[in-house]
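# Structural overview
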Amino acid sequence: MRRRASARNATRKRKRSPGRLRGARATPSLAIFGAAPAFAEQLHVGRPNIGDRGRFLARLNDILDRRWLTNRGDYVVELERRIAGLTGVRNCVLVANGTIGLELLIRALGLRGEVIVPAFTFVATAHALQWQEITPVFADIDRETHCLDPRSVEAAITPRTTGIIGVHLWGRPCAIGELEVIAARHQLKLMFDAAHAFGCSSGKRMIGSFGAAEVFSFHATKIVNTFEGGAIVTDNDELAERLRLMQNFGFRGYDRVVYLGINGKMSEVCAAMGLTNLESLDALVECNRANYRAYAKHLAGIPGVRLFPYDERHRSNYQYLVTIVGEDAALTRDELVAVLHAENVVARRYFHPGVHRMEPYRTLFPDAHRLLPRTEQACREVMVLPTGPALSESDIAGVCGLIRAALEHAARVRERLARPEGPNP
Ligand SMILES: Cc1ncc(COP(=O)(O)O)c(C=O)c1O
(Lines give C-alpha, C1' and ligand atoms only; values in the text may rest on other atoms or scores of the structure.)
Protein backbone atom coordinates (compact mmCIF):
# COMPACT_ATOMS: atom_id res chain seq x y z
CA MET A 1 0.00 0.00 0.00
CA ARG A 2 2.87 2.31 0.81
CA ARG A 3 4.37 1.73 -2.65
CA ARG A 4 1.05 2.45 -4.17
CA ALA A 5 0.89 5.78 -2.39
CA SER A 6 4.38 6.60 -3.61
CA ALA A 7 3.30 5.87 -7.19
CA ARG A 8 0.52 8.37 -6.76
CA ASN A 9 2.93 10.96 -5.46
CA ALA A 10 5.34 10.22 -8.27
CA THR A 11 2.72 10.86 -10.88
CA ARG A 12 1.35 13.99 -9.24
CA LYS A 13 -2.10 13.71 -7.80
CA ARG A 14 -4.86 15.52 -9.54
CA LYS A 15 -7.13 17.65 -7.40
CA ARG A 16 -10.19 15.78 -6.41
CA SER A 17 -13.24 16.93 -4.57
CA PRO A 18 -13.67 14.67 -1.53
CA GLY A 19 -17.15 13.67 -2.53
CA ARG A 20 -16.35 13.20 -6.18
CA LEU A 21 -17.94 9.79 -6.23
CA ARG A 22 -21.34 10.15 -4.71
CA GLY A 23 -22.44 7.42 -2.33
CA ALA A 24 -24.40 4.30 -3.21
CA ARG A 25 -27.27 5.42 -5.39
CA ALA A 26 -30.64 4.07 -6.26
CA THR A 27 -30.31 2.67 -9.74
CA PRO A 28 -32.80 4.88 -11.55
CA SER A 29 -30.46 7.78 -10.67
CA LEU A 30 -27.92 6.55 -13.19
CA ALA A 31 -26.74 9.41 -15.39
CA ILE A 32 -28.49 7.94 -18.44
CA PHE A 33 -31.73 8.64 -16.57
CA GLY A 34 -30.78 12.27 -16.00
CA ALA A 35 -28.84 12.14 -12.72
CA ALA A 36 -25.50 13.93 -12.33
CA PRO A 37 -22.57 11.72 -13.41
CA ALA A 38 -21.11 9.59 -10.60
CA PHE A 39 -17.66 11.10 -11.22
CA ALA A 40 -17.14 14.84 -11.43
CA GLU A 41 -14.01 14.37 -13.56
CA GLN A 42 -13.55 11.87 -16.35
CA LEU A 43 -11.71 8.65 -15.53
CA HIS A 44 -9.60 7.64 -18.53
CA VAL A 45 -7.93 4.49 -19.79
CA GLY A 46 -4.21 5.20 -20.19
CA ARG A 47 -4.04 8.53 -18.37
CA PRO A 48 -0.39 9.56 -18.76
CA ASN A 49 2.06 8.87 -15.95
CA ILE A 50 4.20 11.91 -15.26
CA GLY A 51 6.79 10.64 -12.76
CA ASP A 52 8.64 13.04 -10.47
CA ARG A 53 8.00 16.50 -11.95
CA GLY A 54 10.99 18.06 -10.16
CA ARG A 55 13.40 15.52 -11.57
CA PHE A 56 11.99 15.95 -15.07
CA LEU A 57 12.28 19.75 -14.86
CA ALA A 58 15.88 19.47 -13.61
CA ARG A 59 16.71 17.34 -16.64
CA LEU A 60 14.91 19.76 -18.92
CA ASN A 61 16.98 22.66 -17.55
CA ASP A 62 20.12 20.64 -18.07
CA ILE A 63 19.17 20.02 -21.71
CA LEU A 64 18.55 23.72 -22.25
CA ASP A 65 21.82 24.67 -20.55
CA ARG A 66 23.79 22.28 -22.71
CA ARG A 67 21.87 23.16 -25.91
CA TRP A 68 21.94 19.57 -27.06
CA LEU A 69 18.34 18.92 -28.06
CA THR A 70 18.49 15.87 -30.31
CA ASN A 71 20.87 13.70 -32.40
CA ARG A 72 21.73 11.08 -29.80
CA GLY A 73 22.49 13.26 -26.82
CA ASP A 74 23.43 12.06 -23.34
CA TYR A 75 19.85 11.38 -22.23
CA VAL A 76 19.11 9.20 -25.27
CA VAL A 77 22.32 7.26 -24.72
CA GLU A 78 21.52 6.84 -21.02
CA LEU A 79 17.94 5.71 -21.67
CA GLU A 80 19.09 3.21 -24.32
CA ARG A 81 21.57 1.77 -21.80
CA ARG A 82 18.90 1.51 -19.09
CA ILE A 83 16.35 -0.17 -21.38
CA ALA A 84 18.87 -2.66 -22.76
CA GLY A 85 19.87 -3.53 -19.20
CA LEU A 86 16.30 -3.90 -17.97
CA THR A 87 15.35 -6.04 -20.97
CA GLY A 88 18.52 -8.13 -20.93
CA VAL A 89 19.56 -7.44 -24.54
CA ARG A 90 22.74 -6.03 -26.02
CA ASN A 91 21.17 -3.28 -28.16
CA CYS A 92 18.44 -0.70 -27.77
CA VAL A 93 17.72 1.83 -30.52
CA LEU A 94 15.39 4.59 -29.36
CA VAL A 95 13.03 5.95 -32.01
CA ALA A 96 10.46 8.74 -32.40
CA ASN A 97 7.49 6.41 -31.81
CA GLY A 98 6.60 2.73 -31.84
CA THR A 99 5.11 2.84 -35.34
CA ILE A 100 8.37 4.16 -36.83
CA GLY A 101 10.14 1.43 -34.87
CA LEU A 102 7.93 -1.25 -36.48
CA GLU A 103 8.43 0.25 -39.94
CA LEU A 104 12.20 0.41 -39.57
CA LEU A 105 12.47 -3.12 -38.24
CA ILE A 106 10.21 -4.56 -40.96
CA ARG A 107 12.44 -2.94 -43.56
CA ALA A 108 15.71 -3.84 -41.85
CA LEU A 109 14.64 -7.50 -41.73
CA GLY A 110 13.89 -7.44 -45.46
CA LEU A 111 10.23 -8.42 -45.09
CA ARG A 112 8.15 -8.22 -48.27
CA GLY A 113 5.27 -10.04 -49.96
CA GLU A 114 2.98 -11.20 -47.12
CA VAL A 115 3.48 -11.00 -43.36
CA ILE A 116 1.18 -12.66 -40.83
CA VAL A 117 -0.23 -10.45 -38.06
CA PRO A 118 -3.22 -10.49 -35.72
CA ALA A 119 -6.22 -8.28 -36.52
CA PHE A 120 -6.95 -7.90 -32.80
CA THR A 121 -4.33 -5.21 -32.18
CA PHE A 122 -3.85 -1.48 -32.56
CA VAL A 123 -4.01 -0.56 -36.24
CA ALA A 124 -0.32 0.47 -36.34
CA THR A 125 0.79 -3.18 -36.45
CA ALA A 126 -0.84 -3.65 -39.87
CA HIS A 127 -0.26 -0.09 -41.11
CA ALA A 128 3.51 -0.48 -40.60
CA LEU A 129 3.37 -3.23 -43.26
CA GLN A 130 0.81 -1.79 -45.65
CA TRP A 131 2.66 1.56 -45.63
CA GLN A 132 5.57 -0.28 -47.23
CA GLU A 133 3.33 -2.17 -49.68
CA ILE A 134 3.68 -5.42 -47.78
CA THR A 135 0.41 -7.34 -47.39
CA PRO A 136 -0.70 -7.98 -43.81
CA VAL A 137 -2.36 -11.40 -43.65
CA PHE A 138 -4.59 -11.64 -40.60
CA ALA A 139 -4.45 -14.75 -38.41
CA ASP A 140 -6.86 -15.46 -35.58
CA ILE A 141 -6.12 -15.15 -31.87
CA ASP A 142 -6.17 -17.53 -28.96
CA ARG A 143 -9.23 -17.01 -26.78
CA GLU A 144 -7.31 -17.40 -23.53
CA THR A 145 -4.47 -14.96 -24.28
CA HIS A 146 -5.82 -12.68 -27.05
CA CYS A 147 -2.47 -13.25 -28.83
CA LEU A 148 -1.82 -15.02 -32.18
CA ASP A 149 -3.05 -18.61 -32.37
CA PRO A 150 -0.09 -20.59 -33.80
CA ARG A 151 -2.43 -22.98 -35.68
CA SER A 152 -4.11 -20.08 -37.43
CA VAL A 153 -0.67 -18.64 -38.25
CA GLU A 154 0.47 -21.87 -39.84
CA ALA A 155 -2.73 -22.10 -41.89
CA ALA A 156 -2.15 -18.58 -43.25
CA ILE A 157 1.33 -19.28 -44.67
CA THR A 158 1.65 -19.11 -48.47
CA PRO A 159 4.68 -19.10 -50.80
CA ARG A 160 4.64 -15.28 -50.55
CA THR A 161 4.95 -15.22 -46.73
CA THR A 162 8.23 -13.78 -45.43
CA GLY A 163 7.52 -13.14 -41.77
CA ILE A 164 5.35 -13.22 -38.66
CA ILE A 165 4.71 -10.30 -36.30
CA GLY A 166 3.42 -11.43 -32.92
CA VAL A 167 1.83 -8.85 -30.63
CA HIS A 168 2.16 -9.30 -26.85
CA LEU A 169 -1.30 -7.89 -26.33
CA TRP A 170 -2.08 -6.35 -22.92
CA GLY A 171 1.56 -7.21 -22.05
CA ARG A 172 0.74 -10.93 -22.08
CA PRO A 173 3.41 -12.92 -23.94
CA CYS A 174 2.55 -14.58 -27.26
CA ALA A 175 3.01 -18.33 -27.70
CA ILE A 176 6.65 -17.49 -28.40
CA GLY A 177 8.05 -21.04 -28.50
CA GLU A 178 5.41 -22.28 -30.95
CA LEU A 179 5.83 -19.25 -33.20
CA GLU A 180 9.62 -19.82 -33.20
CA VAL A 181 9.12 -23.42 -34.33
CA ILE A 182 6.74 -22.36 -37.14
CA ALA A 183 9.07 -19.57 -38.27
CA ALA A 184 12.07 -21.92 -38.36
CA ARG A 185 10.12 -24.65 -40.19
CA HIS A 186 9.04 -22.24 -42.95
CA GLN A 187 12.18 -20.07 -42.92
CA LEU A 188 10.27 -16.96 -41.91
CA LYS A 189 11.49 -13.95 -39.96
CA LEU A 190 9.86 -13.55 -36.54
CA MET A 191 9.56 -10.19 -34.81
CA PHE A 192 7.35 -8.88 -32.04
CA ASP A 193 5.24 -5.79 -31.51
CA ALA A 194 5.85 -5.37 -27.78
CA ALA A 195 4.15 -1.95 -27.60
CA HIS A 196 2.16 -3.02 -24.50
CA ALA A 197 4.81 -5.14 -22.87
CA PHE A 198 7.51 -2.94 -21.39
CA GLY A 199 8.54 -4.41 -18.03
CA CYS A 200 6.80 -7.74 -18.80
CA SER A 201 8.28 -11.21 -19.11
CA SER A 202 7.64 -14.64 -20.54
CA GLY A 203 8.49 -16.81 -17.55
CA LYS A 204 11.81 -15.56 -16.24
CA ARG A 205 12.95 -13.99 -19.53
CA MET A 206 12.04 -10.39 -20.21
CA ILE A 207 9.97 -9.44 -23.24
CA GLY A 208 12.30 -7.65 -25.64
CA SER A 209 14.72 -10.53 -25.97
CA PHE A 210 12.68 -12.74 -28.33
CA GLY A 211 12.58 -13.16 -32.11
CA ALA A 212 14.88 -11.20 -34.40
CA ALA A 213 13.97 -8.04 -32.46
CA GLU A 214 11.06 -6.47 -30.54
CA VAL A 215 9.52 -3.01 -30.57
CA PHE A 216 8.27 -1.11 -27.51
CA SER A 217 6.03 1.95 -27.57
CA PHE A 218 6.53 4.79 -25.10
CA HIS A 219 3.42 6.65 -26.19
CA ALA A 220 1.80 8.83 -23.52
CA THR A 221 -0.70 6.07 -22.65
CA LYS A 222 1.95 3.43 -21.96
CA ILE A 223 3.26 2.49 -18.52
CA VAL A 224 6.52 4.32 -19.28
CA ASN A 225 6.13 7.22 -21.65
CA THR A 226 8.45 9.60 -23.44
CA PHE A 227 5.50 11.79 -24.60
CA GLU A 228 5.90 10.03 -27.97
CA GLY A 229 8.57 7.41 -28.47
CA GLY A 230 9.58 3.83 -28.95
CA ALA A 231 12.51 1.43 -28.90
CA ILE A 232 13.77 -1.47 -30.96
CA VAL A 233 15.64 -4.02 -28.86
CA THR A 234 17.76 -6.88 -30.17
CA ASP A 235 20.79 -9.04 -29.47
CA ASN A 236 21.78 -8.86 -33.12
CA ASP A 237 24.58 -6.27 -33.32
CA GLU A 238 24.58 -6.09 -37.11
CA LEU A 239 20.79 -5.51 -37.20
CA ALA A 240 21.09 -2.82 -34.52
CA GLU A 241 23.82 -1.03 -36.46
CA ARG A 242 21.65 -1.03 -39.60
CA LEU A 243 18.67 0.30 -37.63
CA ARG A 244 20.81 3.11 -36.21
CA LEU A 245 21.80 4.16 -39.70
CA MET A 246 18.22 3.90 -40.98
CA GLN A 247 16.78 6.09 -38.21
CA ASN A 248 19.29 8.87 -38.89
CA PHE A 249 19.17 9.35 -42.68
CA GLY A 250 21.88 6.71 -43.17
CA PHE A 251 24.55 9.01 -41.65
CA ARG A 252 27.81 7.55 -40.39
CA GLY A 253 29.77 10.45 -38.97
CA TYR A 254 29.20 14.13 -39.80
CA ASP A 255 28.75 14.06 -43.57
CA ARG A 256 29.04 10.49 -44.80
CA VAL A 257 25.75 8.84 -45.84
CA VAL A 258 26.20 5.10 -46.28
CA TYR A 259 22.63 3.80 -46.30
CA LEU A 260 19.04 4.74 -47.13
CA GLY A 261 17.42 6.25 -44.08
CA ILE A 262 14.72 8.47 -42.63
CA ASN A 263 14.40 10.64 -39.54
CA GLY A 264 13.25 8.35 -36.73
CA LYS A 265 15.29 9.85 -33.91
CA MET A 266 14.12 10.42 -30.35
CA SER A 267 14.80 13.89 -28.91
CA GLU A 268 16.53 14.64 -25.62
CA VAL A 269 13.42 15.98 -23.92
CA CYS A 270 11.59 12.73 -24.70
CA ALA A 271 14.46 10.66 -23.34
CA ALA A 272 14.49 12.81 -20.18
CA MET A 273 10.81 12.02 -19.69
CA GLY A 274 11.53 8.32 -20.23
CA LEU A 275 14.31 8.30 -17.63
CA THR A 276 12.04 10.11 -15.17
CA ASN A 277 9.16 7.68 -15.77
CA LEU A 278 11.48 4.71 -15.49
CA GLU A 279 12.35 5.74 -11.94
CA SER A 280 8.68 5.19 -11.02
CA LEU A 281 8.20 1.94 -12.95
CA ASP A 282 8.13 -0.44 -9.97
CA ALA A 283 5.72 1.80 -8.06
CA LEU A 284 3.45 2.17 -11.11
CA VAL A 285 3.30 -1.59 -11.68
CA GLU A 286 2.54 -2.11 -8.00
CA CYS A 287 -0.26 0.43 -8.20
CA ASN A 288 -1.73 -1.15 -11.34
CA ARG A 289 -1.54 -4.58 -9.73
CA ALA A 290 -3.36 -3.34 -6.63
CA ASN A 291 -6.05 -1.85 -8.90
CA TYR A 292 -6.33 -5.14 -10.79
CA ARG A 293 -6.92 -6.96 -7.49
CA ALA A 294 -9.45 -4.36 -6.39
CA TYR A 295 -11.35 -4.76 -9.68
CA ALA A 296 -11.23 -8.57 -9.22
CA LYS A 297 -12.80 -8.14 -5.78
CA HIS A 298 -15.49 -5.70 -6.82
CA LEU A 299 -16.40 -7.39 -10.12
CA ALA A 300 -16.74 -10.79 -8.43
CA GLY A 301 -20.25 -12.12 -8.67
CA ILE A 302 -21.44 -9.66 -11.34
CA PRO A 303 -23.11 -12.01 -13.81
CA GLY A 304 -21.69 -12.00 -17.34
CA VAL A 305 -18.76 -9.63 -16.68
CA ARG A 306 -15.37 -11.12 -15.92
CA LEU A 307 -11.88 -9.81 -15.54
CA PHE A 308 -9.47 -10.98 -18.26
CA PRO A 309 -6.76 -12.64 -16.17
CA TYR A 310 -3.03 -12.00 -16.13
CA ASP A 311 -1.01 -15.20 -15.97
CA GLU A 312 0.97 -15.02 -12.73
CA ARG A 313 3.77 -17.17 -14.22
CA HIS A 314 4.84 -14.10 -16.18
CA ARG A 315 5.78 -10.61 -15.04
CA SER A 316 3.19 -8.08 -16.10
CA ASN A 317 2.83 -4.32 -15.96
CA TYR A 318 -0.97 -4.58 -15.47
CA GLN A 319 -1.37 -1.44 -17.58
CA TYR A 320 -4.58 -2.69 -19.21
CA LEU A 321 -7.60 -3.50 -17.11
CA VAL A 322 -9.44 -5.77 -19.52
CA THR A 323 -12.92 -7.12 -18.91
CA ILE A 324 -15.07 -9.45 -20.97
CA VAL A 325 -18.77 -8.70 -21.26
CA GLY A 326 -20.01 -12.17 -22.16
CA GLU A 327 -23.08 -13.22 -24.10
CA ASP A 328 -24.64 -14.19 -20.77
CA ALA A 329 -24.53 -10.57 -19.52
CA ALA A 330 -27.90 -8.82 -19.37
CA LEU A 331 -26.53 -5.88 -21.41
CA THR A 332 -24.15 -5.84 -24.36
CA ARG A 333 -20.65 -4.46 -24.07
CA ASP A 334 -21.69 -1.41 -26.10
CA GLU A 335 -24.66 -0.72 -23.83
CA LEU A 336 -22.44 -0.92 -20.74
CA VAL A 337 -19.89 1.41 -22.33
CA ALA A 338 -22.66 3.93 -23.04
CA VAL A 339 -23.83 3.75 -19.40
CA LEU A 340 -20.27 4.26 -18.11
CA HIS A 341 -19.49 7.15 -20.46
CA ALA A 342 -22.54 8.99 -19.15
CA GLU A 343 -21.03 8.57 -15.66
CA ASN A 344 -17.67 10.05 -16.82
CA VAL A 345 -16.03 6.62 -16.83
CA VAL A 346 -14.44 6.55 -20.28
CA ALA A 347 -14.34 2.77 -20.80
CA ARG A 348 -12.91 1.73 -24.18
CA ARG A 349 -13.87 -0.88 -26.78
CA TYR A 350 -10.30 -1.95 -27.68
CA PHE A 351 -9.78 -2.93 -30.57
CA HIS A 352 -13.23 -2.51 -32.03
CA PRO A 353 -14.13 -3.18 -34.83
CA GLY A 354 -10.88 -5.10 -35.50
CA VAL A 355 -8.14 -4.02 -37.88
CA HIS A 356 -9.60 -6.22 -40.65
CA ARG A 357 -12.76 -4.06 -40.51
CA MET A 358 -10.84 -0.76 -40.76
CA GLU A 359 -9.69 0.86 -43.98
CA PRO A 360 -7.91 0.04 -46.16
CA TYR A 361 -8.17 -3.57 -45.00
CA ARG A 362 -11.96 -3.93 -45.10
CA THR A 363 -11.93 -2.92 -48.77
CA LEU A 364 -8.85 -4.96 -49.63
CA PHE A 365 -9.95 -8.08 -47.74
CA PRO A 366 -13.75 -7.98 -47.41
CA ASP A 367 -13.94 -11.67 -46.42
CA ALA A 368 -11.17 -11.61 -43.80
CA HIS A 369 -13.66 -11.89 -40.93
CA ARG A 370 -14.69 -15.38 -42.04
CA LEU A 371 -11.37 -16.79 -40.86
CA LEU A 372 -11.27 -14.74 -37.64
CA PRO A 373 -14.11 -15.94 -35.38
CA ARG A 374 -12.23 -15.44 -32.12
CA THR A 375 -11.01 -11.99 -33.21
CA GLU A 376 -14.60 -11.04 -34.01
CA GLN A 377 -15.75 -12.25 -30.62
CA ALA A 378 -13.04 -10.31 -28.78
CA CYS A 379 -13.95 -7.17 -30.74
CA ARG A 380 -17.56 -7.60 -29.54
CA GLU A 381 -16.93 -8.36 -25.88
CA VAL A 382 -13.77 -6.57 -24.64
CA MET A 383 -14.27 -3.54 -22.41
CA VAL A 384 -11.15 -1.84 -21.04
CA LEU A 385 -11.65 0.09 -17.78
CA PRO A 386 -9.60 2.93 -16.26
CA THR A 387 -6.67 2.07 -14.01
CA GLY A 388 -3.42 3.74 -12.91
CA PRO A 389 -2.44 5.97 -9.99
CA ALA A 390 -5.37 8.35 -10.49
CA LEU A 391 -7.84 5.71 -9.23
CA SER A 392 -8.53 4.91 -5.60
CA GLU A 393 -10.13 1.68 -4.42
CA SER A 394 -13.34 3.58 -3.76
CA ASP A 395 -13.31 4.81 -7.38
CA ILE A 396 -12.95 1.20 -8.50
CA ALA A 397 -15.77 0.10 -6.21
CA GLY A 398 -17.83 2.93 -7.70
CA VAL A 399 -17.15 1.87 -11.31
CA CYS A 400 -18.03 -1.75 -10.51
CA GLY A 401 -21.13 -0.60 -8.63
CA LEU A 402 -22.31 1.23 -11.74
CA ILE A 403 -21.80 -1.90 -13.85
CA ARG A 404 -23.70 -4.00 -11.32
CA ALA A 405 -26.54 -1.49 -11.09
CA ALA A 406 -26.89 -1.18 -14.87
CA LEU A 407 -27.05 -4.96 -15.25
CA GLU A 408 -29.60 -5.31 -12.44
CA HIS A 409 -31.88 -2.89 -14.26
CA ALA A 410 -30.98 -4.02 -17.75
CA ALA A 411 -34.45 -3.79 -19.26
CA ARG A 412 -34.91 -0.13 -18.27
CA VAL A 413 -31.35 0.73 -19.29
CA ARG A 414 -31.81 -0.86 -22.70
CA GLU A 415 -35.12 0.87 -23.22
CA ARG A 416 -33.55 4.24 -22.29
CA LEU A 417 -30.53 3.79 -24.56
CA ALA A 418 -32.74 2.81 -27.48
CA ARG A 419 -34.64 6.10 -27.39
CA PRO A 420 -33.63 8.41 -30.23
CA GLU A 421 -32.46 11.29 -28.02
CA GLY A 422 -29.59 9.03 -26.80
CA PRO A 423 -28.21 8.42 -23.33
CA ASN A 424 -27.89 12.03 -22.13
CA PRO A 425 -31.30 13.70 -21.87
C1 LIG B 1 -0.11 -2.88 -30.17
C2 LIG B 1 0.44 -1.55 -30.60
N3 LIG B 1 1.32 -1.51 -31.61
C4 LIG B 1 1.85 -0.35 -32.04
C5 LIG B 1 1.52 0.84 -31.45
C6 LIG B 1 2.10 2.13 -31.99
O7 LIG B 1 2.91 2.76 -31.07
P8 LIG B 1 3.09 4.36 -31.15
O9 LIG B 1 1.82 4.98 -30.72
O10 LIG B 1 4.23 4.61 -30.19
O11 LIG B 1 3.45 4.69 -32.55
C12 LIG B 1 0.61 0.85 -30.38
C13 LIG B 1 0.18 2.07 -29.71
O14 LIG B 1 0.27 2.94 -29.27
C15 LIG B 1 0.04 -0.37 -29.96
O16 LIG B 1 -0.85 -0.40 -28.96
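Residues numbered from 1 in each chain as written. Predicted model: local features only at pLDDT ≥ 70, side-chain atom pairs only at ≥ 80, totals over all residues. Heavy atoms only, no water.

### Quick word on the environment of Val285
Summarising the element assignment, Val285 is placed in helix α10 (residues 281–299). In this structure Val285 comes out as buried when scored by relative accessible area, which is 13%. Sequence spacing of Val285 and Val346 is 61 residues, and the spatial spacing of their C-alpha atoms is 21 Å. Discounting chain neighbours no more than four positions away, the residues touching Val285 are Ile223, Ser316, Asn317 and Tyr318. (Helix = DSSP H or I, 4+ residues; strand = E, 2+ residues; numbered from the N terminus. Buried < 20%, exposed > 50% of the residue type's maximum accessible area, 1.4 Å probe, protein only. Contact = heavy atoms within 4.5 Å.)

### Re the packing of aromatic side chains
Per the counting criterion, the structure on display carries 16 aromatic pairs. An aromatic cluster is built from Phe120, Trp170, Tyr320, Tyr350 and Phe351, whose rings are joined through pairwise contacts. One Lys or Arg, Arg412, reaches over the ring of Phe33 and ends 5.5 Å from the middle of that ring. (Phe/Tyr/Trp six-rings, centres within 6.5 Å; stacked < 30°, edge-to-face > 60°. Lys NZ or Arg CZ within 6 Å of the ring centre and 35° of its normal.)

### So, the confidence of the model for the chain
Per-chain confidence: the chain averages 93 in pLDDT, with 92% of residues scoring 70 or above. Confidence over residues 1–27 falls short of pLDDT 50; this stretch has 65 contacts with residues more than four positions distant or in other chains. (pLDDT = per-residue confidence, 0-100.)

### Looking at the pattern of salt bridges
Once the charged atoms of two side chains with opposite charge are near each other, the side chains can pair. Scanning all chains against the criterion turns up 27 salt bridges. Arg185 is paired through a salt bridge with Glu154; the nearest N and O atoms lie 2.4 Å apart. Placement of the pair is Arg185 in helix α7 (residues 176–185) and Glu154 in helix α6 (residues 150–155), with a sequence separation of 31 residues. A relative accessible area of 28% places Glu154 in the partly exposed class. Arg289 is paired through a salt bridge with Glu286; the nearest N and O atoms lie 3.3 Å apart. Here Arg289 pairs with Glu286, and both are found in helix α10, just 3 residues apart, close to one helical turn. With a relative accessible area of 23%, Arg289 lands in the partly exposed category. Exposure remark for Glu286: the relative accessible area of 23% places this residue in the partly exposed category. Salt bridges here are not isolated pairs; linked through shared partners, they connect Asp140, Asp149, Arg151 and Arg374. (Salt bridge = Lys/Arg side-chain N within 4 Å of Asp/Glu carboxyl O.)

### A short note on unusual backbone geometry
His352 connects to Pro353 through a cis peptide bond whose omega is 0 degrees. Tracing the sequence through the fold places Pro353 in the loop between β13 (345–346) and α12 (361–364). Here Glu359 and Pro360 are connected by a cis peptide whose omega angle stands at 5 degrees. With respect to the secondary-structure elements, Pro360 resides in the loop between β13 and α12. The backbone of Arg72 shows a phi angle near 55 degrees, a positive value even though the residue is not glycine. Tracing the sequence through the fold places Arg72 in the loop between α2 (53–66) and α3 (74–87). The partly exposed category is assigned to Arg72, whose relative accessible area is 41%. Non-glycine residue Trp170 carries a positive phi angle of around 60 degrees. Relative to the helices and strands, Trp170 resides in the loop between β5 (161–167) and α7. The exposure class of Trp170 is buried, given its relative accessible area of 0%.

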